[in-house]
Amino acid sequence: MPNTARISPKPIEPSMQRRVFLRGITAGTLVVALGGSTYVCAGEQEEERARQAKRPDGRSRLPPSQYLLKRLRPMGGEEGDASPGHWKLRVYGEVEQPFEVGFGELLAMPQVEQTCDVHCVTKWTMLDAHFTGVRIADLAARAKPKSSARHVVFEAYGGYTSNVLLREALAPTSLVAHRHEGQPLARPNGAPVRALVPDLYFWKSAKWLTGIRFVTIDEPGYWEVRGYNNHADPWKEERYS
Ligand SMILES: Nc1nc2c(c(=O)[nH]1)N[C@H]1C(S)=C(S)[C@@H](COP(=O)(O)O)O[C@H]1N2
Ligand SMILES: [Mo]
């Protein structure tokens, strides 16, 4: 299947050139990049503050080699059907009680509103992104993973997948998210529902989510089989394999 619409998470520009370019522009400037995608940079001081700041777990707010953006940068991918009425999520695999939920049922589950930072392997970070969704742990509680389950595979429209350790998928900040910055998720950001695992590089957060499959044996996903790191910890710079 051709994937021309899917942007490689790999930085394509020489990063020094990018740094110099970014230093030269004013905070809040809307940058229109090659290919027409737009993004908004933070100022140098704000970036330095983020570099010094610590999270409650002691890690730096800005992981190594990252720079700050003020908005999510749309990163592309093969867009799914954005209509909530057509959406279904399959929760299955190594579980006692596989099930499917529609959008209405998802909204009837306990909702979590969270502010978190996201980090893309192309080196942009956005602080204080706001998402609403359901904890993957709550979906798992209903599915009852077998003791043999070790990983989850997020499945998205068009065949995109990403794999996450079960323990990390069940963290309280790991969600299936349907709102971003107080609005229903926009189509380029994964409408109607995306995975959100904020403490791993953002490629793990599959957009246009259609399934969560629990597995015993790890299954490297779309980017993981194309040279990206299987785990993707931004603080360890686990970018490539
Ligand atoms: N289904 C799907 N999900 C995906 C991708 C994709 O190509 N397809 N790209 C990933 C990558 S590399 C990143 S950085 C984030 C970008 O999310 P955003 O477009 O909302 O910024 O989505 C991730 N989820
Ligand atoms: Mo990415």
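That block above? That's the structure.
Please read these numbers as outputs of a predicted model, since none were measured by experiment.

Draft legend 1. Layout of the site of ligand 1. If you check the shell around ligand 1, you find 21 residues, and the closest are Arg 73, Met 75, Asn 189, Arg 194 and Lys 207. In the model, an oxygen atom of ligand 1 is placed 2.7 Å from a nitrogen or oxygen of the Asn 189 side chain. At 3.1 Å, a backbone N or O of Ser 205 approaches a nitrogen atom of ligand 1. Considered on its own, ligand 1 offers 540 Å² of accessible surface; in the complex 100% of this is hidden by protein. Counted by class, the shell around ligand 1 contains 13 nonpolar, four polar and four charged residues.

Draft legend 2. Representation of the pairing of strand 10 (residues 175-180) within the structure. Most of strand 10 is tucked away: five of the six residues are buried. In this sheet, strand 10 lies alongside strand 7 (residues 124-135) in antiparallel orientation, the contact comprising five bridges. Bridge pairing in strand 10 links Arg 135 to Leu 175. Bridge analysis of strand 10 against strand 12 (residues 194-196) gives three bridges, and the strand direction is antiparallel. Considered in strand 12, the bridge of Ala 177 is made with Arg 194. Pairing geometry for strand 10 and strand 11 (residues 183-184), over two bridges, is antiparallel. For His 180, the partnering residue across the bridge sits in strand 11 and is Gln 183.

Draft legend 3. Representation of the nonpolar core. Ranked by internal contacts, the top residues of the largest apolar core, which has 38 residues, are Leu 89, Leu 139, Phe 154, Val 176, Ile 212 and Phe 214. A total of four residues in this core trace back to one element, the largest contributor, which is helix 4 (residues 136-143). Filtering out sequence-adjacent residues up to four positions away, Phe 214 remains in contact with Val 91, Tyr 92, Gly 93, Glu 94, Val 95, Ala 140, Pro 145, Ala 149, His 151, Val 152 and Leu 166.

Draft legend 4. Representation of the side chain of Ser 174 within the structure. Its location among the elements puts Ser 174 in the loop between helix 5 (166-169) and strand 10. Side-chain polar atoms of Ser 174 contact the backbone oxygen of Glu 168, separated by 2.7 Å. Setting aside residues no more than four positions away along its own chain, Ser 174 makes contact with Val 134, Arg 135, Ile 136, Glu 168, Ala 169, Leu 196 and Val 197.

Rules of the game
Residues numbered from 1 in each chain as written. Chains lettered and ligands numbered in written order. Predicted model: local features only at pLDDT ≥ 70, side-chain atom pairs only at ≥ 80, totals over all residues. Heavy atoms only, no water. Near = heavy atom within 4 Å. Polar contact = N/O pair within 3.5 Å; in protein donor to acceptor, adjacent residues only side chain to side chain. Areas by Shrake-Rupley, 256 points an atom, 1.4 Å probe, with all protein chains shown as cover. Nonpolar A, V, L, I, M, F, W, Y, C, P; charged D, E, K, R; others polar. Buried < 20%, exposed > 50% of the residue type's maximum accessible area, 1.4 Å probe, protein only. Helix = DSSP H or I, 4+ residues; strand = E, 2+ residues; numbered from the N terminus. Pairing = 2+ DSSP bridges. Core = buried A, V, L, I, M, F, W, Y, C linked by side-chain atoms within 4.5 Å. Contact = heavy atoms within 4.5 Å.

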